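The chain contents come next:
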Amino acid sequence: MKGLEGKVALVTGAGSGIGRATAVLLAREGATVVALGHRQESADDVADEIRRGGGSVLPVSADVADAAAVRDVLARVEQDLGRLDVVVANAGVNGVWAPLEELSPEEWASTIGTNLSGTFHTVRFAVPLLVRQGGSVVVVSSINGTRTFSNSGASAYATSKAGQVAFARMAAVELGPRGVRVNSVCPGAIDTEIGDNTEQRNTEDLGVPADFPEGQIPLTGEEPGVAAQVAETIVYLVSDAASHVTGTEVFVDGGQSLIA
Ligand code: NAD
């Protein structure tokens, strides 16, 4: 029997990158996956891949920054699937990287709204389902949430990622007595589309190295990691193999955070 047979797992940002690799792997492990995409099209796309592999999936769409939309998704999970065992709060954006005085309050709020408030909404509305039988949450943060790297202009991003870690620790303490584990995964540079959607504005003024993160990963040198490596760690954390692991951060970064 597969490790997650009979379980239901929600993955946000499931349409691409780390979320997609995680959704596919959770399904392969036997979970019924609720694949939440920002757009229905991307959720349907990963759902096709999961079904082709013989897995079970419910594709849904929502903007995780929109509390009511996330609440509606969780209501649908309860109605259609009747339970929820695993939550992977992964949806995120790099947003705008710029010198502090050039970052607008709207740009700040947008990054915090998706990455941090989106994580809160996802976990907040999942809790009533998770505590019924116990479960596990993984928050996809970043090495940027716990380490300070080059002068990159990523103040909003790094703050959102640090906030996610603090939130996950608080949730672990609060939900532990109710049988729910909560951990963070902190990826280093991973080869996904997220960089394509970063707006860098005047960061050269801050001295951002043009070749970042080249040569800064002890395990691979210039090669970033791949989404499947993060997915494997997430699946470990939600599995029974991690039954005594909660409130911690697992770095999936090839050692990048040690020297960057
Ligand atoms: P990605 O761009 O492929 O995936 C992000 C996903 O989140 C996309 O599918 C996107 O549509 C979705 N998304 C964005 N805003 C959303 C919203 N408001 N509502 C719902 N969905 C939304 O990039 P990725 O690298 O797979 O990123 C996944 C997570 O990993 C992010 O939280 C990111 O911060 C984190 N991370 C990535 C790296 C990296 O190097 N790729 C490093 C550290 C942390």
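Residues numbered from 1 in each chain as written. Predicted model: local features only at pLDDT ≥ 70, side-chain atom pairs only at ≥ 80, totals over all residues.

## Let's talk about the overall build of the chain
Here is step 1: Scanning the chain from N- to C-terminus turns up seven helices and nine strands.
Here is step 2: The globule rule puts the C-alpha radius of gyration for 260 residues at 18 Å, and the 18 Å found for the chain is close to it.
Here is step 3: Over its C-alpha atoms, taken along the principal directions, the chain stretches across nearly 55 × 40 × 40 Å.
Here is step 4: In the chain, buried positions account for 49% of the 260 residues.
Here is step 5: Relative to all contacts within the chain whose residues are 6 or more apart in sequence, the contacts with residues 24 or more apart total 76%. (Helix = DSSP H or I, 4+ residues; strand = E, 2+ residues; numbered from the N terminus. Rg over C-alpha atoms; globule rule 2.2 N^0.38 Å. Buried ≥ 20, exposed ≤ 12 C-beta atoms within 10 Å, placed from the backbone. Contact = placed C-beta atoms within 7 Å.)

## Things to note about the UniProt feature "domain: Ketoreductase" (unreviewed entry) in the chain
Here is step 1: The UniProt feature table records "domain: Ketoreductase" (unreviewed entry) at residues 7-197.
Here is step 2: As annotated, residues 7-197 comprises 47% helix and 19% strand, and the C-alpha atoms at either end are separated by 33 Å. (UniProt positions renumbered as here; feature names shortened; annotations may be inferred.)

## Re the nonpolar core
Here is step 1: In this structure, Ala9, Leu10, Leu26, Val33 and Ala35 are the most contacted members of the largest nonpolar core, which totals 69 residues.
Here is step 2: Formed by seven residues, the second largest nonpolar core is a distinct cluster that contains Trp97, Ala98, Ala156 and Ala158. (Core = buried A, V, L, I, M, F, W, Y, C linked by C-beta atoms within 7 Å.)

## Regarding the site of the ligand
Here is step 1: Taken together, 27 residues sit near the ligand, with Gly13, Gly17, Gly92, Thr192 and Ile194 positioned nearest.
Here is step 2: If you list the elements that add at least two residues to the shell around the ligand, you get helix 1 (17-28) and helix 4 (105-133).
Here is step 3: With three residues, the single largest contributor to the shell around the ligand is helix 1.
Here is step 4: A class-by-class count of the residues in the shell around the ligand yields 11 nonpolar, 14 polar and two charged. (Near = placed C-beta within 6 Å. Nonpolar A, V, L, I, M, F, W, Y, C, P; charged D, E, K, R; others polar.)

## Comments concerning the pairing of strand 1 (residues 8-12)
Here is step 1: Counting buried residues along strand 1, five of its five residues qualify, which places the element largely inside the surrounding structure.
Here is step 2: Side chains of strand 1 alternate between two faces, with Val8, Leu10 and Thr12 and Ala9 and Val11 buried alike.
Here is step 3: As paired strands, strand 1 and strand 2 (residues 32-37) are joined by five bridges and run parallel to one another. The partner of alanine 9 across the bridge, within strand 2, is valine 33.
Here is step 4: In terms of strand pairing, strand 1 meets strand 4 (residues 86-89) through three bridges, oriented parallel. Across the sheet, residue alanine 9 finds its bridge partner in strand 4, namely valine 86. (Pairing = 2+ DSSP bridges.)

## What to know about the sheet that holds strand 2
Here is step 1: Spatially, seven strands are ordered 3-2-1-4-6-7-9 in an open sheet, and the strand pairing comes out parallel. What marks the edges here is a single partner per strand, and that holds for strand 3 (56-61) and strand 9 (249-252). Shown here is a sheet whose adjacent strand axes are inclined to one another by a mean of 20°, direction ignored.
Here is step 2: Where strand 7 (residues 180-187) and strand 9 come together, four bridges link them in parallel fashion. Residue pairing in the sheet places cysteine 186 in a bridge with phenylalanine 251 of strand 9.
Here is step 3: Relative to the sheet, helix 6 (residues 227-238) contacts strand 4, strand 6 (135-140), strand 7 and strand 9, its axis offset from that of strand 7 by approximately 165°. (Axes fitted to C-alpha atoms, helices over the stretch in contact; angles between N-to-C directions.)

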